[in-house]
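Letter by letter, the chains look like this.
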Amino acid sequence: MLDDDDLRLLPAPRPVSSDAVHQLWLTVLVLGLQDAAAALAPPRACKVSPVDAVRGLRWVLDDGDALGSFIWVCTVLDMAPDAVRLCLWRRCGVSRQRAQDVAYAAPAIAA
């Protein structure tokens, strides 16, 4: 799981004021990364449902740029999506390929 120390390893977002919209999307990003990290953790370490964990990992891996997507959220926060992903892969000790294997070897889940 990601904790406050791990979040400091992420590329710094542009300065976030008290703007509620930016705070919202930063929270979405953090929760998505925590879910993705849970999918990559040993099963006993997972503190979220396996379905939520896999959804979070698939969200991080998705290259679409629709409203609310990982790419879109990173863009809103002025963060480089690939740099954020790289931090996640390093923190979890996996490669992007391993993350993809975990995300898509899981049973199909409803969108």
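Look above for the structure.
Overview of the structure. (Residues numbered from 1 in each chain as written. Predicted model: local features only at pLDDT ≥ 70, side-chain atom pairs only at ≥ 80, totals over all residues. Heavy atoms only, no water.)

1. Notes on the packing of aromatic side chains
What the rule picks out here adds up to two aromatic pairs. On the basis of an interplanar angle of 80° and a centroid distance of 4.8 Å, the ring pair of Trp 25 and Trp 72 is categorised as edge-to-face. Of this pair, Trp 25 sits in helix 2 (residues 20–40) while Trp 72 is found in helix 4 (residues 70–76), placing the two residues 47 residues apart along the sequence. Pairing Trp 59 with Phe 70 gives two aromatic rings, centres 5.4 Å apart and planes at 85°, and the pair type is edge-to-face. Within this pair, whereas Trp 59 is found in helix 3 (residues 50–61), its partner Phe 70 is found in helix 4, the two being separated by 11 residues in sequence. Looking at Trp 59, the relative accessible area reads 19%, which means it is buried. (Phe/Tyr/Trp six-rings, centres within 6.5 Å; stacked < 30°, edge-to-face > 60°. Helix = DSSP H or I, 4+ residues; strand = E, 2+ residues; numbered from the N terminus. Buried < 20%, exposed > 50% of the residue type's maximum accessible area, 1.4 Å probe, protein only.)

2. Observations concerning helix 5 (residues 81–92)
Its 12 residues give helix 5 an end-to-end C-alpha distance of 17 Å, which sits within 8% of 16 Å, the value for a rise of 1.5 Å per residue. Among the residues of helix 5, those classed as buried are Pro 81, Val 84, Arg 85, Leu 88 and Trp 89. Summarising the axial view, the buried residues of helix 5 lie within an arc of 135°, below the 170-degree limit, and thus occupy one face. When the buried face of helix 5 is taken as reference, the exposed residues oriented beyond 90 degrees from it are Asp 82 and Arg 90. Residues of helix 5 that are buried sit in contact with helix 2, helix 3, helix 4 and helix 6 (96–105). One or two positions beyond helix 5, positive phi appears at Gly 93, with a value near 70°. (Expected span 1.5 Å × (residues − 1). Arc of directions from axis to C-beta. Contact = heavy atoms within 4.5 Å.)

3. Points about the pattern of salt bridges
Counted according to the given criterion, the structure contains three salt bridges. Between Asp 63 and Arg 96 there is a salt bridge, with its nearest N and O atoms 3.7 Å apart. In this pair, Asp 63 is assigned in the loop between helix 3 and helix 4 and Arg 96 in helix 6, connecting sequence segments 33 residues apart. Asp 63 gets classed as exposed once you look at its relative accessible area, which sits at 53%. Relative accessible area serves as the criterion here: at 27%, Arg 96 is assigned to the partly exposed category. In this structure, Asp 82 and Arg 85 form a salt bridge, with 3.2 Å as the shortest nitrogen-oxygen distance. Of this pair, Asp 82 and Arg 85 both sit in helix 5, separated by three residues, roughly a single helical turn. Relative accessible area serves as the criterion here: at 55%, Asp 82 is assigned to the exposed category. The structure contains a network of salt bridges with shared partners spanning Asp 63, Asp 82, Arg 85 and Arg 96. (Salt bridge = Lys/Arg side-chain N within 4 Å of Asp/Glu carboxyl O.)

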